[in-house]
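The residues making up each chain are set out below.
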Amino acid sequence: MLEVHAFATPNSLKAVIALEELGLDYELVAVNLRQGAQKTEAFKALNPNAKVPVLVDRSAAGELVMAESAAILVHLAEQAGKLLPQDASARAKVFEQLFFHASGVSPAFLEAFLVSIQSGATPEAKAKATQELERVLGVLDQHLDQHAFVAGTDYSIADIAHFGWIWRHQAMKVSLDKFPAVARWYAHVAARPAVVAAIAKTIELAK
């Protein structure tokens, strides 16, 4: 039995997309960040870092509790034998993109989001955040100009990782018009039935 503690956030969406893509049975448990549910002792017993998502994987072998969206993606892909290549070189490219997401894309989007909601943020801070966000999107655009998906020819958990945050680009008032390869890739991924279903279920957590 798979249980995902999540909310309507980019990182939560990644886990839900993977579950939908892999066709796994799971239960979504809403953690209302607006009400501070992530700071309760019950939730912090699952993740002391007080962040979503958290995966609880119960099987005959016991119970595994995991935080960190990228680690959850790897675990689910390995368990299902999909979305993560077996070939060493192709697998390495997926991990390269996962690490680029963790070191570049995710921090840039998070900073842009935080600046956008800070009432006292200066124009200079907003411009700097936008500049870094556009820089990493430019890197990704150059890569996608040569490849169908972020790690090569096949859709993988690396695409899911990037999509989670890029899904929120409009909220940061960032257009993908400057990044045609990213825009092409984004439209293709957003139209996948599993992604459509995952977005709807993730948004529903906030209602």
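The coordinates are above.
Residues numbered from 1 in each chain as written. Predicted model: local features only at pLDDT ≥ 70, side-chain atom pairs only at ≥ 80, totals over all residues. Heavy atoms only, no water.

## Some thoughts on helix α5 (residues 123–144)
For α5, which comprises 22 residues, the first-to-last C-alpha distance of 31 Å matches the rise-based estimate of 32 Å (1.5 Å per residue) to within 8%. Among all positions of α5, only Ala129, Leu133, Val136, Leu137, Leu140, Asp141, His143 and Leu144 are buried. The arc that holds the buried residues of α5, viewed along the axis, is 155 degrees, so those residues lie on one side. In α5, those exposed residues whose orientation departs by more than 90 degrees from the buried face are Pro123, Glu124, Lys128, Gln131 and Gln142. (Helix = DSSP H or I, 4+ residues; strand = E, 2+ residues; numbered from the N terminus. Expected span 1.5 Å × (residues − 1). Buried < 20%, exposed > 50% of the residue type's maximum accessible area, 1.4 Å probe, protein only. Arc of directions from axis to C-beta.)

## Digging into helix α4 (residues 88–117)
The terminal C-alpha atoms of α4, which comprises 30 residues, lie 42 Å apart, in line with the 44 Å expected from a rise of 1.5 Å per residue. Considering bend angle alone, the principal kink of α4 is centred on histidine 101 and spans about 45 degrees. When we look at burial in α4, the residues that qualify are Val94, Gln97, Leu98, Phe100, His101, Gly104, Val105, Ser106, Ala108, Phe109, Ala112 and Val115. Buried residues along α4 sit in contact with α1 (10–22), α3 (69–80), α5 and α6 (157–166). (Bend = angle between axes of the 7 residues up to and from the residue. Contact = heavy atoms within 4.5 Å.)

## Topic: the sheet that holds strand β3 (residues 54–59)
As summarised here, the arrangement of the 4 strands in space is β2-β1-β3-β4, forming an open sheet in which the pairing is mixed. In this open sheet, the two strands that pair with only one neighbour each are β2 (26–30) and β4 (62–67). Each strand axis lies, on average, 15 degrees off the axis of its neighbour in the sheet, ignoring direction. With 6 bridges joining them, β3 and β4 adopt antiparallel strand pairing. Residue pairing in the sheet places leucine 55 in a bridge with methionine 66 of β4. Contacts from α3 reach β1 (2–6), β3 and β4, with the element oriented near 140 degrees to β4. (Pairing = 2+ DSSP bridges. Axes fitted to C-alpha atoms, helices over the stretch in contact; angles between N-to-C directions.)

## What about the nonpolar core?
By size, the foremost hydrophobic cluster in this structure holds 66 residues, and its most contacted members are Leu133, Leu137, Ile157, Phe163 and Trp185. Among the elements that make up this core, the one with the highest residue count is α4 (8 residues). Residues contacting phenylalanine 163, with those up to four places away along its chain left out, are Leu13, Ile17, Trp185, Tyr186, Val189, Ala190, Val195 and Ile199. (Core = buried A, V, L, I, M, F, W, Y, C linked by side-chain atoms within 4.5 Å.)

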